[in-house]
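Each chain, written out:
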Amino acid sequence: MKKNIIFMVINMNVGGTERALLNMIAEMPKDTFDITILMLEKYGGFLESIPSYVQVQYLDGYQDIKKILNRPPKETIMKNFKNGKVIKGLSLLLILFLSRLTRNKGIFFKYVLKNIPNLKTEYDIALAYAGPMDFISYFVVNKIKAKKRVQWIHFDVTKIGFNKVFSRRIYQQYDKLFIVSKEARNKLINLIPNIDIKTEVFLNIVSPEIIERESKKGKGFDDYFKGFRIFTVGRLSNEKGQDLAIEALTRLVNEGFDVNWYCLGEGSSRHKYEKLVQENKLEDRFILLGSNPNPYSFMEQCDIYVQPSRHEGYCLTIAEARALKKPIVTTATAGAKEQIRHGETGLIVDIDSKEIYQAIKQLIENTKLRNDLTKNLKTEKLDNPFNIDDKNLMIV
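All figures in this text were calculated on a predicted structure; none of them were measured in a lab.

The rules we used
Residues numbered from 1 in each chain as written. Predicted model: local features only at pLDDT ≥ 70, side-chain atom pairs only at ≥ 80, totals over all residues. Heavy atoms only, no water. Helix = DSSP H or I, 4+ residues; strand = E, 2+ residues; numbered from the N terminus. Buried < 20%, exposed > 50% of the residue type's maximum accessible area, 1.4 Å probe, protein only. Areas by Shrake-Rupley, 256 points an atom, 1.4 Å probe, with all protein chains shown as cover. Lys, Arg positive; Asp, Glu negative; His and termini not counted. Charge placed at Lys NZ, Arg CZ, Asp CG, Glu CD. Salt bridge = Lys/Arg side-chain N within 4 Å of Asp/Glu carboxyl O. Patch = residues over 30% accessible without salt bridge, like charges linked within 9 Å, V, L, I, M, F, W, Y side chains within 5 Å. Phe/Tyr/Trp six-rings, centres within 6.5 Å; stacked < 30°, edge-to-face > 60°. Axes fitted to C-alpha atoms, helices over the stretch in contact; angles between N-to-C directions. Parallel < 35°, antiparallel > 145°, perpendicular 65-115°, else oblique. Left-handed = near helix turned anticlockwise from the far one by under 90°. Contact = heavy atoms within 4.5 Å. Nonpolar A, V, L, I, M, F, W, Y, C, P; charged D, E, K, R; others polar. Polar contact = N/O pair within 3.5 Å; in protein donor to acceptor, adjacent residues only side chain to side chain.

Caption draft 1: Quick peek at the overall build of the protein. Assigned secondary structure in the protein consists of 16 helices and 13 strands. Overall size of the protein, expressed as C-alpha extent along the three principal axes, is 65 × 55 × 40 Å. Counting every position in the protein, which comprises 396 residues, the buried fraction comes to 54%. Surface accessibility of the protein: about 18,700 Å² in total, with carbon and sulfur atoms responsible for 48%. Taking the 61 positively charged and 47 negatively charged side chains of the protein as two groups, their mean positions are separated by 7 Å.

Structure representation (structure tokens):
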């Protein structure tokens, strides 16, 4: 009999978490699982990549509560008062006071969700996949009826706005927590020791065959540039470190290296980075490619792949660059040492623009090192997790 399983995410934006979900679903036997994806909103470049046999649902009423969830509560309270909604404002003020007094964020979520009904279907497994995201973690426990519940942790919890008190309470109601790297797991356990027994490392799934096939489909670079191409994939945001890339490229260009750096991704920091590019006169050198659900043709054609992130859980794009046997430079984020052997399959540097610059310079000047990294990657097998239907994952 098939298992009825639901994954809850924010949306299907082009990002590592969403790509990891699609990779996982592709490996799940159709005759074993009935799969549903529940999204907070219908949005994202990966919407068209969801297999046709997967049921897709959107959270009814989310648009009505989105502003309350995303804006500071005090701002919402003051707006209610200004609009004459005194009772509504006072109610929210009381809820905010109680949630802070008891240090229980769940009181706030319960108030916000009071008019949103529970899901009608009962599932064998419900997964809070966009994790850690407090609202989704709460929703899966309180609004989805399921025999078992799983929380997925994709990030280094010491580098994000992680609510330890809320997480300690809500994670007790989950049957399993999967974390995408050993280092990220260790950091979580250090913060919440009593969930140790529930946690397990589950690496993001990468299919070298799919990556190789998709790399042949896209057009890739079309600017006929003859120098060194550096490539980076990631949301344009502070945590992904594109500002460090701009600083590193400035050093390289000032030293006379014929280098272009291409960044694929979109995000809230685009205008900030465009200004940095202009200030450093890199308009023709640092290229923002925008969003594209298929980065692999660019990755295949680049000379060096660089991940300048300030924090990661387990960087999927590094795994994809490994699959395409590209020389890699990555910052020392969580999970980096679990993917890269420094000096053998890539270079790991501190989260610093000068260190990134020095590593790239080393690879440009040392052809043998670049070739050795590629050669070593060709003999390496990607560390994909156990089969999706393995008993270690299927806890029912």
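Continuing now.
Caption draft 2: Local environment of the pattern of salt bridges. This model, assessed by the stated rule, comprises 25 salt bridges. Put simply, Lys145 and Glu122 hold a salt bridge, and the shortest N to O gap is 4.0 Å. Pair noted here: Lys145 is in strand S5 (residues 145-153) and Glu122 is in strand S4 (residues 122-128), with a separation of 23 residues, a long-range link. Assessed through its relative accessible area of 39%, Glu122 is described here as partly exposed. For Arg235, the salt bridge goes to Glu239, with nearest N and O atoms at 2.5 Å. By relative accessible area, Glu239 is classed as partly exposed at 21%. Linked by salt bridges that have partners in common, Arg322, Arg341, Glu344 and Glu380 make up one network.

Caption draft 3: Local environment of a positive patch on the surface. Taken together, the side chains of Lys67, Lys79, Lys85, Lys88 and Lys114 make up a positively charged region of the molecular surface. In this fold, Lys67 is placed in helix H2 (residues 62-70). Owing to a relative accessible area of 54%, Lys67 belongs among the exposed residues under this scheme.

Caption draft 4: Molecular detail of the packing of aromatic side chains. Counted by the stated rule, this structure contains 18 aromatic pairs. With a centroid separation of 6.4 Å and 80° between ring planes, the pair formed by Tyr171 and Tyr174 is classed as edge-to-face. No difference in accessibility class separates Tyr171 from Tyr174, as the two residues are buried. An angle of 50° between the planes, with centres 4.4 Å apart, marks the rings of Phe221 and Tyr262 as tilted. Of this pair, Phe221 sits in the loop between helix H9 (208-215) and strand S8 (228-233) while Tyr262 is found in strand S9 (residues 259-264), placing the two residues 41 residues apart along the sequence.

Caption draft 5: Structural detail: the packing of helix H6 (residues 134-143) against helix H7 (residues 164-171). Running from N to C, H6 and H7 cross one another at 25°; their axes reach a closest spacing of 11 Å. Regarding the angle of H6 to H7, the classification is roughly parallel. Here H6 and H7 pass one another in a crossing that is left-handed. Facing H6, whose interface residues are Asp134, Ser137, Tyr138, Val141 and Asn142, H7 presents Phe166, Ser167, Ile170 and Tyr171. Residues of the contact of H6 with H7, tallied by class, amount to five nonpolar, three polar and one charged.

Caption draft 6: Just the side chain of Lys198, in detail. By the element assignment, Lys198 lies in the loop between helix H8 (182-191) and strand S7 (199-201). In this structure, Lys198 is buried with no salt-bridge partner, the nearest side chain bearing the opposite charge being Asp175 at 6.5 Å. Side-chain polar atoms of Lys198 contact the backbone oxygen of Gln172, separated by 2.7 Å. Within polar-contact distance, the side chain of Lys198 engages the backbone oxygen of Tyr174 at 2.7 Å.

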